[in-house]
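# Descriptive analysis of the structure
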Amino acid sequence: MRDIYLDNSATTRPLPEVREAMREILDAEYGNPSSMHQKGMEAEQRLRRAREQVAATLKVDTREIVFTSGGTESNNLALIGTAMANHRAGKHLITTPIEHPSISRTMDYLESQGYEVTRLHVDRAGRISPEELETAIRPDTTLVSVMMVNNEIGTIEPIEEIGDLIKKINPQTLFHVDAVQAYGKLPIRPRRCGIDLLSASGHKIHGPKGCGFLYVRDKVKIHPIVFGGGQERGLRSGTENMPGIVGLGTAAEIACRNIAENTEKMYGCREQLVEGLRALPEVQVNGPEGRAAPQVVSASFAGIRSEVLLHALEAEGIYVSAGSACASNGPRHASETLTAIHLDKKLLDSTIRFSLSTFTTPEEIEETLTVLGGLLPQLRRFTRR
């Protein structure tokens with residue numbers, strides 16, 4: 001029995017090219033890029049090349065790319081770093097109730113430090129109201145943070161419209177976008193969209209875990225939150241994770257080079273999955289009806305706990321997620337995203353996330369639907385006895 005991996009929003013399988021690039025660093029080019037000898041110079045050249053690869057995918061300057069340990073650190077640096085640097089201009093921040101925990105928990109922290117946070121409402125598709133955002137922006141609003149693609153239901157927020165609106169109302173307000181689930185899957189042009197800061201992560205695009213980046217537009221005031229030797233232009237001290245950075249650069253170049261082809265392929269599998277799920281009894285597909293991210297599908301299975309269904313699928317070699325993997329550590333609680341879109345309370349603990357990749361095939365989707373068709377009646381008989 002072969003595995004069917006449908007948990008790609010949690011992490012992806014690294015590409016062979018990524019593994020090979022990382023192996024070269026580990027085996028031969030293992031120098032510290034801060035060292036002044038030949039090995040250090042070789043490492044510095046690879047660091048520069050990776051930065052060029054990432055910057056090219058966004059059409060930005062290489063000096064605007066700061067390498068981090070991943071999306072969580074990038075989000076923390078964006079929020080805390082800009083809040084600290086701009087607190088004299090104001091202490092009002094705006095976000096949404098469906099953000100990743102690395103945004104929502106960081107906003108909670110900033111509230112405890114005396115900042116005021118406005119959390120916009122979302123509709124049943126998970127989209128914010130530009131009209132509400134327009135009303136919320138004030139002269140003392142220093143930052144708006146909105147994710148581009150929701151990691152649980154696949155909502156695509158109108159980022160370009162949001163960016164235009166922010167700069168029209170208050171040109172001094174910074175716009176941060178968590179693009180962890182969007183980068184490498186949807187075209188992103190920060191300058192065109194009025195984005196000042198943007199977070200991304202390597203392991204969501206078939207790159208390595210433990211490496212990501214933060215785009216910081218030139219002249220944006222931001223303070224570091226990690227101090228030390230002053231690497232990454234002083235914004236992220238610590239010896240660079242060279243295998244991770246080189247792997248990230250390789251993955252970014254490949255993902256964005258083939259973005260149109262890969263996205264079309266994923267949309268085809270997504271449509272097949274959504275249609276198949278809707279044909280099953282007592283199954284509800286959540287999130288946007290129209291345009292959504294190509295890789296994320298959320299579905300609720302009435303009468304079956306998500307954890308039970310997850311393990312039943314696992315026994316058949318099919319791997320999915322019960323919500324966001326990043327929110328599954330610690331005590332279980334209702335998904336903030338599903339609660340925010342007013343999902344029926346009876347379905348909150350009956351929801352599964354399927355997330356696709358460029359490796360996902362129509363045959364795998366068909367097999368998954370066939371397995372679900374057999375499992376659901378059995379599980380409901382057991383739970384409703």
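The structure under discussion appears in the preceding block.
None of these values were measured; they are calculated from a predicted model. Sequence order sets the numbering: in each chain, residues are counted from 1 along the sequence as written. Totals for whole chains, interfaces and linings use all residues, but because this is a predicted model, local features are given only for residues with pLDDT of at least 70 and pairs of side-chain atoms are given and counted only at 80 or more. Hydrogens and waters are ignored; side-chain quantities use all the structure's heavy atoms.

### So, helix α6 (residues 159–169)
Of the positions making up α6, those classed as buried are Ile159, Ile162, Gly163, Leu165 and Ile166. The arc that holds every buried residue of α6, seen down its axis, measures 165°, which confines them to one face. Burial classes: relative accessible area under 20% of the type maximum marks a residue as buried, over 50% as exposed, and values in between as partly exposed (1.4 Å probe, protein chains only). By definition, any uninterrupted DSSP run of H or I lasting at least four residues is a helix, any uninterrupted run of E lasting at least two residues is a strand, and each is numbered from the N terminus. By arc we mean the arc of the directions from the helix axis to the C-beta atoms, nothing more.

### Here's the deal with the environment of Ala293
Tracing the sequence through the fold places Ala293 in the loop between β9 (283–286) and β10 (296–301). Between the C-alpha atom of Ala293 and that of Glu364, which follows or precedes it by 71 residues, the distance is 19 Å. In this description, contact between two residues means that some pair of their heavy atoms is separated by no more than 4.5 Å. In this structure, Ala293 is in contact with Val149, Gly154, Ile156, Tyr267 and Arg270, ignoring residues within four places of it in sequence.

### Observations regarding the nonpolar core
Counting residues in each nonpolar core, the largest one holds 61 residues, and the members touching the most others are Leu133 and Phe213. Looking at this core element by element, the count peaks at eight residues for helix α8 (residues 242–257). The criterion is simple. A nonpolar core is a set of buried Ala, Val, Leu, Ile, Met, Phe, Trp, Tyr and Cys residues joined through side-chain atoms within 4.5 Å. If you look at the next biggest cluster of nonpolar residues, it comprises 29 residues, including Leu6, Leu277, Ile304 and Ile352.

### Re the pattern of salt bridges
Each reported salt bridge corresponds to a side-chain nitrogen of Lys or Arg within 4 Å of a carboxyl oxygen of Asp or Glu. Applying the stated rule across the entire model yields 23 salt bridges. For the salt bridge of Arg119 with Asp108, the shortest nitrogen-to-oxygen distance reads 2.9 Å. With a gap of 11 residues between them, Arg119 in strand β4 (residues 116–119) and Asp108 in helix α4 (residues 101–112) connect regions that are remote in the sequence. Taking relative accessible area as the criterion, Arg119 reaches 32% and is therefore assigned partly exposed. Taken together, the shared-partner salt bridges connect Arg105, Asp108, Glu111, Arg119 and Glu336 into one network.

### Considerations on the pairing of strand β3 (residues 92–95)
Residues His92 and Ile94 line one face of β3 and the alternating positions Leu93 and Thr95 line the opposite face, and both faces are buried. Where β3 meets β4, four bridges bridge the pair, whose relative direction is parallel. Residue pairing in the sheet places Ile94 in a bridge with Thr118 of β4. Seen with its strands pointing away from the viewer, a crossover is right-handed if its path from the first strand over the helix to the second goes clockwise. As for the winding sense of the linkage, the β-α-β connection from β3 through α4 to β4 is right-handed. Where β3 and strand β5 (residues 141–145) come together, three bridges link them in parallel fashion. Looking at the pairing, Leu93 lines up with Leu143 of β5. We call two strands paired when DSSP finds no fewer than two bridges between them.

### Focus: the environment of Arg353
Residue position: Arg353 is located in strand β12 (residues 351–355). Along the sequence, Arg353 and Ser298 sit 55 residues apart, while their C-alpha atoms lie 4.6 Å from each other. We call two N or O atoms a polar contact when they sit within 3.5 Å, provided that within protein one can donate a hydrogen and the other can accept it, with sequence-adjacent residues counted only if both atoms are side-chain atoms. Only 2.7 Å separates the side chain of Arg353 from the backbone oxygen of Asn151, close enough to count as a polar contact.

### A word on the sheet that holds strand β7 (residues 197–201)
Strands sit in the order β2-β8-β7-β6-β5-β3-β4 across an open sheet of seven strands; the sheet is mixed. Looking at strand neighbours, the two that pair on one side only are β2 (65–68) and β4, the edges of this open sheet. Recorded for the sheet is a direction-independent mean angle of 20° between the axes of neighbouring strands. In the packing of helix α2 (residues 38–58) onto the sheet, the strands contacted are β2, β7 and β8 (212–216), and the crossing angle to β2 comes to about 115°. In this analysis an axis means a line fitted to C-alpha atoms, helices contributing only their contacting stretch, and an angle means the value between N-to-C directions, from 0 to 180 degrees.

### Comments concerning the packing of helix α3 (residues 71–85) against α4
Orientation of α3 relative to α4, taken along the N-to-C sense of each, is 30°, at an axis distance of 9 Å. On the basis of their axis angle, the class for α3 and α4 is roughly parallel. When you trace α3 past α4, the crossing you get is right-handed. Counting all contacts with α3, which are made through Gly71, Thr72, Asn75, Asn76, Leu79, Ile80 and Ala83, the residues of α4 involved are Ser102, Ile103, Thr106, Met107, Tyr109 and Leu110. The residue makeup of the contact of α3 with α4, split by class, is seven nonpolar, six polar and no charged. Note on angle classes: values under 35 degrees are labelled roughly parallel, values over 145 roughly antiparallel, values of 65 to 115 roughly perpendicular, and the remainder oblique. Two helices crossing with the near one rotated counterclockwise from the far one by less than a right angle form a left-handed crossing, whereas a clockwise rotation gives a right-handed crossing. Residues were grouped as follows: Ala, Val, Leu, Ile, Met, Phe, Trp, Tyr, Cys and Pro as nonpolar; Asp, Glu, Lys and Arg as charged; and all remaining residues, including Gly, as polar.

### Remarks on the pairing of β12
Of all five residues making up β12, five are buried, and the element is well covered by its neighbours. What you see with β12 is no split at all: Thr351, Arg353 and Ser355 on one side and Ile352 and Phe354 on the other are buried throughout. Judged from the five bridges that link them, β10 and β12 form a sheet pairing that is antiparallel. Across the sheet, Ser298 pairs through a bridge with Arg353, a residue of β12.

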